[in-house]
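So the chains spell out like this:
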Amino acid sequence: MTTKPQTLPDLSLLLAIEELDQKRREIDERLKEIPARRERLNAELARLDRSLSEKEQSISVKEKSISTLELDCKTSQTQEADKKVKLNSVKTQKEYDALKEEIELANAERGKLEEKILLLMDEISELKNLVKRDKQAAELKKKEIRLELDALAATEKALQDQSQAANVDSQTRLQALPEDALREYKKLRAALPEGRILSRLSAEDNTYYCSACNSPVSHQIVINMKKRLSLSRCDICHRLLYL
Ligand SMILES: [Zn+2]
């Protein structure tokens, strides 16, 4: 399949533009991966903070439990003091014994409360040590992540600049193309919005191939190409062929 523009466009110009477009696409592909990477790093930062805050929360819950237990102890002590005063004014031995038993029971109960308080205090002290250790590790990890985020932002900026520069370069080169070459380029680009629009002719054992799709190319096309009679395309993938 051949086309006959008025003048044969300089394929090296189109090739240079295609190289730029290809480069920009590669840069854009890398740029596309950045938001997901940033999201993963930010999620890791949030996870570290959440894990620490959960442990701190657990300490605060235990501290509240201690306050409640201490209050219960105090109430029990006040009641005991009242009962001890009452002991002096009871009239029968039976009343006396009953009151005495109540006081002993309350005492035993208070002992249990105090044990619980001590246990909670131990747990809190252990948790505080754990939080201290985790906090140090988390701070180090967060510092690493923030550095990684900074590097990612710098990479993103550099890639955006490169992409923009390649785009400007490509546009400038497109504007400098002869009209028919530009038309040809646009037509090809529309048919193949992604990927290459030019394909190098490759030869093996006197057979010629389109290097993009590996289809054989007829000798007539090769002759036309060598004589620069017309623009030649691959019959299969329709890319412009160049030598
Ligand atoms: Zn082809």
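Just so you know, these numbers come straight off a predicted model, no measurement behind them.

Asker: What's the story with the overall build of the protein in this structure? I'm lost.
Answerer: Each helix and strand counted, the protein has four helices and six strands in total. Reading the protein from its N end, one meets helices and strands in the order β-α-α-α-β-β-β-α-β-β. Computed over C-alpha atoms, the radius of gyration of the protein comes to 42 Å, more than 25% over the 18 Å expected from 2.2 N^0.38 for 243 residues, which places it beyond the range of a compact globule. Principal-axis analysis of the C-alpha atoms gives the protein an extent of 135 × 35 × 25 Å. Put simply, the protein has 243 residues, and 10% of those count as buried.

Asker: For this particular structure, what's the right way to read the environment of H238?
Answerer: Here H238 is to be found in the loop between β5 (231–232) and β6 (240–242). It is 9.4 Å that separates the C-alpha atoms of H238 and L192, two residues lying 46 residues apart in sequence.

Asker: What exactly am I supposed to notice about unusual backbone geometry here?
Answerer: The backbone of N206 shows a phi angle near 65 degrees, a positive value even though the residue is not glycine. With respect to the helices and strands, the residue N206 is situated in the loop between β2 (198–204) and β3 (207–210). A positive phi is found at H238, a non-glycine position, where the angle reads about 65 degrees.

Asker: Which parts of the structure should I look at to understand the nonpolar core?
Answerer: The tendency in soluble globular proteins is for nonpolar side chains to be buried side by side. Among the nonpolar cores identified, the biggest contains 10 residues, and these are I197, C210, A212, V217, I221, M225, L231, C234, L240 and L241. When contributions to this core are tallied by element, the ones reaching two or more residues are α4 (219–227) and β6. If we skip the residues at most four places from it in the chain, L240 touches L11, L188, I197, L198, L231 and R233. If you look at the next biggest cluster of nonpolar residues, it comprises seven residues, including I17, L20, A166 and Y185.

The rules behind the values
- Residues numbered from 1 in each chain as written.
- Predicted model: local features only at pLDDT ≥ 70, side-chain atom pairs only at ≥ 80, totals over all residues.
- Helix = DSSP H or I, 4+ residues; strand = E, 2+ residues; numbered from the N terminus.
- Rg over C-alpha atoms; globule rule 2.2 N^0.38 Å.
- Buried ≥ 20, exposed ≤ 12 C-beta atoms within 10 Å, placed from the backbone.
- Core = buried A, V, L, I, M, F, W, Y, C linked by C-beta atoms within 7 Å.
- Contact = placed C-beta atoms within 7 Å.

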